[in-house]
Number of protein chains: 2
Amino acid sequence: MKPAGQKRVVTIVGLGLIGGSMAITLKENGFAGHIIGVDKERTSEEKALRRCIIDEALPLNEAVAKSDLVLLATPVDVLTDLLPRVLDLVQHQVVMDLGSTKAPLVASVREHPKRGRYVAAHPMAGTEYSGIEAAQPNLFDHKVMVLCDLGDSDADAVAVARSLSASIPMRVVELGSDAHDLHAAYVSHISHISSFALALTVLAKEKDEQRIFELASGGFSSTVRLAKSSADMWVPIFRQNRDYVLDVLDEHINQLARFRSLLIKRDFETFYRLIEEANDIRRILEGSRQEPVFEME
Amino acid sequence: MKPAGQKRVVTIVGLGLIGGSMAITLKENGFAGHIIGVDKERTSEEKALRRCIIDEALPLNEAVAKSDLVLLATPVDVLTDLLPRVLDLVQHQVVMDLGSTKAPLVASVREHPKRGRYVAAHPMAGTEYSGIEAAQPNLFDHKVMVLCDLGDSDADAVAVARSLSASIPMRVVELGSDAHDLHAAYVSHISHISSFALALTVLAKEKDEQRIFELASGGFSSTVRLAKSSADMWVPIFRQNRDYVLDVLDEHINQLARFRSLLIKRDFETFYRLIEEANDIRRILEGSRQEPVFEME
């Protein structure tokens, strides 16, 4: 622990939407006194310096050596290589990742001698934009921070992760890494596949019918918004969470096929009943909105 | 036409989200001087009177007799009965409907002696909420008003429809009623089915896993927002536009099945390429946002 009055040095590896937003947030709220940025792209480091999102840019090993806390905010395929390398460099430091899948990453360091210094984390927030240009100060406010497999982390490392979350503030939810990946498939990953597929459906039609999008209204924008999301971020997520995503995708296709079959049979009574069942999503979306610490959006 | 200085009397039949919002808008912008409300529910009429959304509530035949313009804003299944009845009452009045499907409605009055007094219209705007409580003043601003089969309407009736649209302001797009129904299936109706199905997919899972929604973030809310939409409004739309909705739904299921097959084969290269293709939706969503007269949201 730092002596009172001395602020933490935080390294952020991966200066994109998540890493950049975390840098701005932790500097603004005083959790971090000094932020070191590390990115494979020199131009991202330069932009982050120019916009005062980070205080300095350093090579990974120098950055880790100077830090109290290292946050890994790269795409998830990079994380499985990066995390063991970072743990190799660690003495007293705490390391957290901020990736969207957890089980494969946790497995990659299960036997690492420094496993205790690592806390697996997933802030449930994002936008359809990516890159340091998309970084914003309030991205994480009042969202959920999932912390996984906390029994495998040192107590002081867990305390740092909780303290970081409270500083934003984010509400901590503890889950096993496998349960996290299943839940994330349901409430995040499938939404993205559904949006990508909907965009492709309509774009295919646009080839014949130039004017189709003149009619697109707010409802359409809302359902295809996530289709703007980056392939560099999402393909590694779908690769790592393939099995759960497949399960949920099968269920989603089945639900759509059920609507299809009702249309074919003109069974609009059952169709009506299914819409009423779907309306129950109100309870989830609006119930949580009344709870000030945990907003959906 | 009214003499200069004398404001139009407008009747609105169906005091829900669309009818109520139109009442507020046309009174505020001066297009209407006096608004008469007609609803099958006396409580809706009373609420609309109490909130000063309408100036008086009358039975249908009295309302039509006193009006210059009659707007029909009921669910589309009611419209096919209502429109011929209203045209039976009409002398000089102009009648517009504001429904989400057009071809069956237009067909229902094809041989009506007063067909010329009717203009088929669809304001491309809405929210997932319904009822007079959901009415709002800016719902239609800068959205698209589709006017269909204008060759079948009298010139002065078309002029009133254009003048109403310009007063809000909305941008007029002219389409044949059949083309409208096809386009609406792509940019509106399929989004709703996709949201309903996604909500059911996740709600089914929730039965086993109480905590799943703690993790839901903004992306999830965005894709399932439309699943809150009313069955009373949407079942008649799906019934009337069944054939086109089935075509688009088949395509959407095929796109999802393609993603499924790529996951099964672990062909993440093609998966990556498809996401990049889907990203092209940016061009549509953001291109139109730069054009001030036509916003998506």
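Source: prediction; values computed, not measured.

## Comments concerning the overall build of chain A
When helices and strands are tallied, chain A shows 12 helices and 8 strands. The globule rule puts the C-alpha radius of gyration for 297 residues at 19 Å, and the 21 Å found for chain A is close to it. If one aligns the C-alpha atoms of chain A with their principal axes, the spans along those axes are about 70 × 40 × 35 Å. Burial statistics for chain A: of 297 residues in total, 54% are counted as buried. A sequence separation of at least 24 residues applies to 73% of the contacts in chain A between residues at least 6 apart.

## Observations concerning the interface of chain B and chain A
On the chain A side, the residues contacting the 83 residues of chain B number 83 residues. Among the elements of the structure, strand 7 (144-148), helix 7 (177-206), helix 8 (218-224), helix 9 (231-240), helix 10 (242-265), helix 11 (268-278) and helix 12 (281-289) of chain B are those that each provide at least two residues to the side of chain B that touches chain A. Looking at which element gives the most residues to the side of chain B that touches chain A, the answer is helix 7 of chain B, with 21 residues. Grouping the constituent residues of the side of chain B that touches chain A by class yields 50 nonpolar, 18 polar and 15 charged.

## Description of the sheet that holds strand 7 of chain B
Residue and element names in this part refer to chain B. A sheet is described by the order of its strands in space; here 8 strands give the open sequence 3-2-1-4-5-6-7-8, paired in mixed fashion. At either margin of the open sheet sits one strand with a lone partner, and together these are strand 3 (56-57) and strand 8 (171-175). Taken together, the 4 bridges between strand 1 (residues 8-13) and strand 4 (residues 69-72) define a ladder with parallel strand orientation. Looking at strand 4, one finds that Val-13 is bridged to Leu-72.

## Side note on the domain arrangement of chain A
Residues and elements named next belong to chain A. Assigned domains within chain A: domain 1 (8-176) and domain 2 (181-289). Computed from C-alpha coordinates alone, the two centres of domain 1 and domain 2 are separated by 30 Å. At the level of elements, helix 4 (76-89) and helix 5 (103-108) are the ones that each hand at least two residues to the side of domain 1 that touches domain 2. Classifying every residue of the side of domain 1 that touches domain 2 by side-chain character gives 5 nonpolar, 3 polar and 3 charged.

## Looking at the sheet that holds strand 8 (residues 171-175) of chain A
Within a sheet, each strand pairs with its neighbour through backbone hydrogen bonds, oriented either parallel or antiparallel. Residues and elements named next belong to chain A. One open sheet accounts for 8 strands, arranged 3-2-1-4-5-6-7-8; its pairing is mixed. Only two strands of the sheet have a single neighbouring strand rather than two, namely strand 3 (56-57) and strand 8. Its contacts with the sheet place helix 1 (residues 17-28) against strand 1 (8-13), strand 2 (32-38) and strand 4 (69-72), and it is angled at close to 165 degrees to strand 2.

## Quick notes on the confidence of the model for chain A
Residues and elements named next belong to chain A. On average, residues of chain A carry a pLDDT of 92, and 94% of them reach 70 or more. Overall, residues 288-297 carries pLDDT values under 50, and its contacts beyond four positions in sequence, including any with other chains, amount to 17 contacts. Of the two predicted TM-score estimates for the complex, the pTM is 0.88 and the ipTM is 0.88.

## Quick notes on the nonpolar core
Leu-71, Leu-72 and Ala-199 of chain A together with Leu-71, Leu-72 and Ala-199 of chain B are the most contacted members of the largest nonpolar core, which totals 208 residues. Leu-71 of chain B has contacts with Val-10, Thr-11, Ile-12, Gly-19, Met-22, Met-96 and Leu-98 of chain B, leaving out every residue within four places of it along the chain.

## Remarks on the relation of the copies chain B and chain A
In screw terms, the move from chain B to chain A is a rotation of 180 degrees and a rise of 0.0 Å along the axis, fitting with an RMSD of 0.0 Å. The transformation relating the two chain copies, once decomposed into turn and shift, fits a two-fold axis. Residues of chain B ranked by C-alpha distance from the rotation axis are headed by Thr-223 of chain B, positioned 2.2 Å from it. Both copies share a contact surface, since 100% of the interface residues of chain B are interface residues in chain A too.

## Details of unusual backbone geometry
All names here are of chain A. Cis geometry is adopted by the peptide bond preceding Pro-169, which originates at Ile-168 and carries an omega value of -5 degrees. As for its placement among the helices and strands, Pro-169 is situated in the loop between helix 6 (155-167) and strand 8. Here His-142, not a glycine, exhibits a phi torsion of approximately 65 degrees, which is positive.

## Details of helix 2 (residues 42-50) of chain A
Residues and elements named next belong to chain A. Here helix 2 has its buried residues at Ser-44, Glu-45, Lys-47 and Ala-48. Summarising the axial view, the buried residues of helix 2 lie within an arc of 165 degrees, below the 170-degree limit, and thus occupy one face. Seen from the buried face of helix 2, the exposed residues on the opposite side, beyond 90 degrees, are Arg-42, Thr-43 and Arg-50. Those residues of helix 2 that are buried are in contact with helix 1, strand 2 and strand 3. At the C-terminal side of helix 2, Cys-52 shows a positive phi close to 60 degrees.

About the cut-offs
- Residues numbered from 1 in each chain as written.
- Chains lettered and ligands numbered in written order.
- Predicted model: local features only at pLDDT ≥ 70, side-chain atom pairs only at ≥ 80, totals over all residues.
- Helix = DSSP H or I, 4+ residues; strand = E, 2+ residues; numbered from the N terminus.
- Rg over C-alpha atoms; globule rule 2.2 N^0.38 Å.
- Buried ≥ 20, exposed ≤ 12 C-beta atoms within 10 Å, placed from the backbone.
- Contact = placed C-beta atoms within 7 Å.
- Nonpolar A, V, L, I, M, F, W, Y, C, P; charged D, E, K, R; others polar.
- Pairing = 2+ DSSP bridges.
- Domains from an automatic or database assignment.
- Axes fitted to C-alpha atoms, helices over the stretch in contact; angles between N-to-C directions.
- pLDDT = per-residue confidence, 0-100.
- Core = buried A, V, L, I, M, F, W, Y, C linked by C-beta atoms within 7 Å.
- Least-squares fit on C-alpha atoms with pLDDT ≥ 70 in both.
- Arc of directions from axis to C-beta.

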